[in-house]
Amino acid sequence: MAGEPQKQQQHLSALVGRTNGLSKPTLLAATAGVRRGVAGGATGGGAASKKLVIKNFRERPALPDSYTQDTWKKLHEAVRAIQSSTSIKYNLEELYQAVENVCSYNASHTLYKQLRQVCEDHVKAQILHFREYSLDSLLFLKKINKCWQDHCRQMIMIRSIFLFLDRTYVLQNSMLPSIWDMGLELFRNHVISDKLVQRKTIDGILLLIEQERNGEAVDRSLLRSLLNMLSDLQVYKDSFEQRFLEDTNRLYTAEGQRLMQEREVPEYLHHVNKRLEEEADRVVTYLDHSTQKPLIACVERQLLGEHLKAILQKGLDNLINENRIADLTLLGQLFSRVKGGQQLLLHSWGEYIKNFGTTIVINPEKDKDMVQELLDFKDKMDHIIEVCFQKNEKFINLMKESFETFVNKRPNKPAELIAKHADSKLRAGNKEATDEELEKILDKIMIIFRFIHGKDVFEAFYKKDLAKRLLVGKSASVDAEKSMLSKLKHECGAAFTSKLEGMFKDMELSKDIMVHFKQYIQNQSDPGNIDLTVNILTMGYWPTYTPMDVLFPPEMVKLQEVFKTFYLGKHSGRKLQWQTSLGHAVLKAEFKEGKKEFQVSLFQTLVLLMFNEGDEFGFEEIKMATGIEDSELRRTLQSLACGKARVLNKSPKGKDIEDGDKFTFNGDFKHKLFRIKINQIQMKETVEEQVSTTERVFQDRQYQIDAAIVRIMKMRKTLGHNLLVSELYNQLKFPVKPGDLKKRVESLIDRDYMEREKDNPNQYHYVA
């Protein structure tokens, strides 16, 4: 029994050696040994098991002489079957095992060489199928694609059989390509590198892409497969990409030139965007990713880069004028893609703002609506920047610079009109805005105000209008007034608003004084039936008013004296000067229709009170009786006899007041309201007021220039003319011409504040 297992072990070992010769004999020998141990144990009946030692073969089992040739014959048949797409006679596992056995006995080199030769012979044979000139382009592409797909499928199958060779011998020899790479190399060398095949393949691919660009439907999966083939074979860049980019360049150069002539800018921009999207889609769908950058750059250069100036000249103004937000957004996006595009767009954007803004500011006929147009224009530009240019800082800053440039092309007038616009919004009766909306309007006015250089002009007119609003009681809201004041203070500093703040303090103090005056008058023996309210104004805070002596009725004169006695009794050493131009009153009147109340100016009051004494008065009579200045009286009579509420009848009828006109009380006066306001005339600015305010600003500027020159010269002692002018420009906060500065220097020399150097007239010395 002991001898039989040993024979069994040797028999199994030899058997395994013939099939494999490496790892499995050990395993089988071990299995046999274990079985022998079990058998021995059973035989021995209770005897202890023997300890077995397993040893390797002393000599490696030898292969039969013809084994390698026989194995290759089987493998060759299998490869040919794969290449001809017929069934393989042998089991794939058996073939894999055969390769492993051959490799294990140092025949790898021969096996690799034989395999390469078979593959090469097959690939060489394929070229004959493509030499037929009769094939049209699409059929040719389909045939080359099928050949490539078959080749790939075959090489995958062949590699799976020869995997052991690929992972041992080939891996250890860095100079040898893997079986897959060998297949690619063979296909590249013998098929795609063939001039005829390559030319027809590339021509066919380019033709399909051209057809797709022209709007035709093409087989995109075929294109994707062929271009992947070129990439895998590493000929994509050299054989295809260069020609593809040249064709693209040629196509879009011609297309750009043609469409710029034929189409309007919005249509052209949408076409460019469509082309860019199409090309990006081509990269995603079938082109190699490496082509994306040069391809998109080519489209951008030929459709955009070459036509940037033409697009802007032809279409930017229209796009902005027509507020075409979507098209402007597209324009901004496209121009930002091209080198130098955004800079050109910025320049044109700035020029548009300057040109359009100048047409608003320069034309005197547009003065009435100038500020509203500027505000609307600013809103429009802000909206375009926010939506179309994504709040780009460069566009915001350039817009501010452009606004500042054109607003100051017409000195002083914009500042005056901005002040008047603010006045119109802050007046009572402005029903177009709630408190929140009014606050937004004031914020917008401040934005335009920031662009003005001559802010002193704004201050002068704003102060004049504020005075009227406060004194005539026409302010819409004290909160709105104070809000505007705080905005001005924040923008220009406390010095700018100190006088305006003083005006508000005067109004507050006046209220307190009137409370005490009312108590004082109640204690008088004859308080009278006129309710008097007086505003005490500090002369330095308020605009300068020309005093006008008019003739008051005795009751008014008596009340004035009572107040004067009261006030000077409390504040000795002060001087009261009555300003009649901004006084106003409420008069009660009786008509045939019934009683009415009139809110009128002091001048209107004096005229109407005359008609208690008589029915008809001439112009000259009224003038003599009231003492009102000629032009002011004409305005007053015009408001009473020629306006909407005609309390007086004028004879002869007409819009203008002439010297010989006669006026009678209109007893038939009718009006739907009980209290009628006729004193809007006080809020209207006369030409004289406008001129005097402007002149006062210029006079103040002269004083400021003189003070600045003396201040600089006192500090420097000696200074050249150019340096002095430069220093003045830095210090002065309003625009000034060099000629005006020169006049002020001459004036100061004449008044001995400074002197010229004898040898150098451009050098000045301070005179202490």
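Residues numbered from 1 in each chain as written. Predicted model: local features only at pLDDT ≥ 70, side-chain atom pairs only at ≥ 80, totals over all residues. Heavy atoms only, no water.

### With respect to the side chain of Glu255
With respect to the helices and strands, Glu255 occurs in helix 12 (residues 236–262). Judged by relative accessible area, Glu255 falls into the buried class, the value being 6%. In this view, Glu255 contacts His271, Arg275 and Leu303; residues no more than four positions away in its chain are not counted. (Helix = DSSP H or I, 4+ residues; strand = E, 2+ residues; numbered from the N terminus. Buried < 20%, exposed > 50% of the residue type's maximum accessible area, 1.4 Å probe, protein only. Contact = heavy atoms within 4.5 Å.)

### Focus: the confidence of the model for the protein chain
On average, residues of the protein chain score 85 in pLDDT, and 90% of them reach the 70 mark or higher. Of the regions scoring below 50 in pLDDT, residues 1–46 engages in 27 contacts with residues more than four places distant in sequence or in other chains. (pLDDT = per-residue confidence, 0-100.)

### Digging into the pattern of salt bridges
In the structure shown here, the tally under the stated rule is 50 salt bridges. Across the pair Arg427 and Asp423 runs a salt bridge whose closest N-O atoms are separated by 3.0 Å. Through salt bridges with shared partners, a single ionic network connects Glu212, Arg213, Arg220, Glu279, Asp281 and Arg282. (Salt bridge = Lys/Arg side-chain N within 4 Å of Asp/Glu carboxyl O.)

### Details of the sheet that holds strand 8 (residues 754–756)
Strand order in the open sheet formed by 3 strands is 7-9-8, and the pairing between neighbours is antiparallel. Edge positions in the open sheet fall to strand 7 (718–720) and strand 8, since each of these has one partner strand only. Strand-to-strand twist of the sheet, defined as the mean angle between neighbouring strand axes without regard to direction, takes the value 30 degrees. Pairing analysis gives 3 bridges linking strand 7 to strand 9 (residues 763–766), with the strands arranged antiparallel. Pairing of Leu719 across the sheet is with Tyr764, part of strand 9. Its contacts with the sheet place helix 30 (residues 721–731) against strand 7, strand 8 and strand 9, and it is angled at close to 90 degrees to strand 7. (Pairing = 2+ DSSP bridges. Axes fitted to C-alpha atoms, helices over the stretch in contact; angles between N-to-C directions.)

### Some details on the nonpolar core
One finds Phe162, Phe240, Trp349, Met381, Phe458, Tyr462 and Met484 to be the most contacted residues of the largest nonpolar core, which totals 149 residues. In this structure, Phe162 is in contact with Trp72, Leu75, Val79, Val99, Leu111, Leu115 and Ile179, ignoring residues within four places of it in sequence. Among the nonpolar cores identified, the runner-up in size contains 33 residues, and Phe552, Phe603, Val647 and Ile657 belong to it. (Core = buried A, V, L, I, M, F, W, Y, C linked by side-chain atoms within 4.5 Å.)

### Focus on helix 11 (residues 220–232)
Spanning 13 residues, helix 11 covers 18 Å between terminal C-alpha atoms, matching the ideal 18 Å at 1.5 Å per step. When we look at burial in helix 11, the residues that qualify are Leu222, Leu223, Ser225, Leu226, Leu227, Met229 and Leu230. Structurally, helix 11 contributes buried residues whose contacts are with helix 6 (137–161), helix 9 (179–192), helix 10 (195–213) and helix 12. Looking one or two residues past helix 11, Gln234 carries a phi angle of roughly 60 degrees, positive in sign. (Expected span 1.5 Å × (residues − 1).)

### Section: the pairing of strand 5 (residues 662–665)
Two strands pair when backbone bridges link them, and strand 3 (residues 616–618) and strand 5 are joined in this way by 3 bridges, in the antiparallel orientation. Its bridge partner being in strand 5, Gly618 is matched across the sheet by Lys662. Pairing analysis gives 4 bridges linking strand 4 (residues 648–651) to strand 5, with the strands arranged antiparallel. The residue bridging Ser651 from the neighbouring strand is Lys662, located in strand 5.

### Quick look at the environment of Val265
Positionally, Val265 belongs in helix 13 (residues 265–285). Separated by 50 residues in sequence, Val265 and Gly315 have C-alpha atoms that sit 5.4 Å apart. Not counting the four nearest positions on each side in its chain, Val265 is found in contact with Ile311, Lys314, Gly315 and Leu319.

### What about the packing of helix 6 against helix 11?
Close contact between helix 6 and helix 11 brings their axes to 10 Å; oriented N to C, the two are set at 55 degrees. Viewed along their axes, helix 6 and helix 11 adopt a mutual orientation that is oblique. The handedness of the crossing between helix 6 and helix 11 comes out as left-handed. On helix 11, the residues that touch Leu138, Leu141, Lys142, Ile144, Asn145, Trp148 and Gln149 of helix 6 are Leu222, Ser225, Leu226, Met229 and Asp232. In the contact of helix 6 with helix 11, the residues fall into 7 nonpolar, 3 polar and 2 charged. (Parallel < 35°, antiparallel > 145°, perpendicular 65-115°, else oblique. Left-handed = near helix turned anticlockwise from the far one by under 90°. Nonpolar A, V, L, I, M, F, W, Y, C, P; charged D, E, K, R; others polar.)

### Section: helix 16 (residues 325–337)
Taking 1.5 Å of rise per residue, the 13 residues of helix 16 would be expected to cover 18 Å, and the 19 Å separating its terminal C-alpha atoms lies within 8% of that figure. Buried within helix 16 are the following residues: Ile325, Asp327, Leu328, Thr329, Leu330, Leu331, Gly332, Leu334 and Phe335. The elements touched by buried residues of helix 16 are helix 13, helix 15 (308–321), helix 17 (341–362) and helix 18 (370–387).

### Here we look at the sheet that holds strand 4
Hydrogen bonding along the main chain pairs the strands of a sheet, whether they run parallel or antiparallel. In space, the 3 strands of this open sheet follow the order 3-5-4, with antiparallel pairing throughout. Edge strands, defined here as strands with exactly one partner in the open sheet, are strand 3 and strand 4. For this sheet, the mean inter-axis angle between neighbouring strands, taken without regard to orientation, is 25 degrees.

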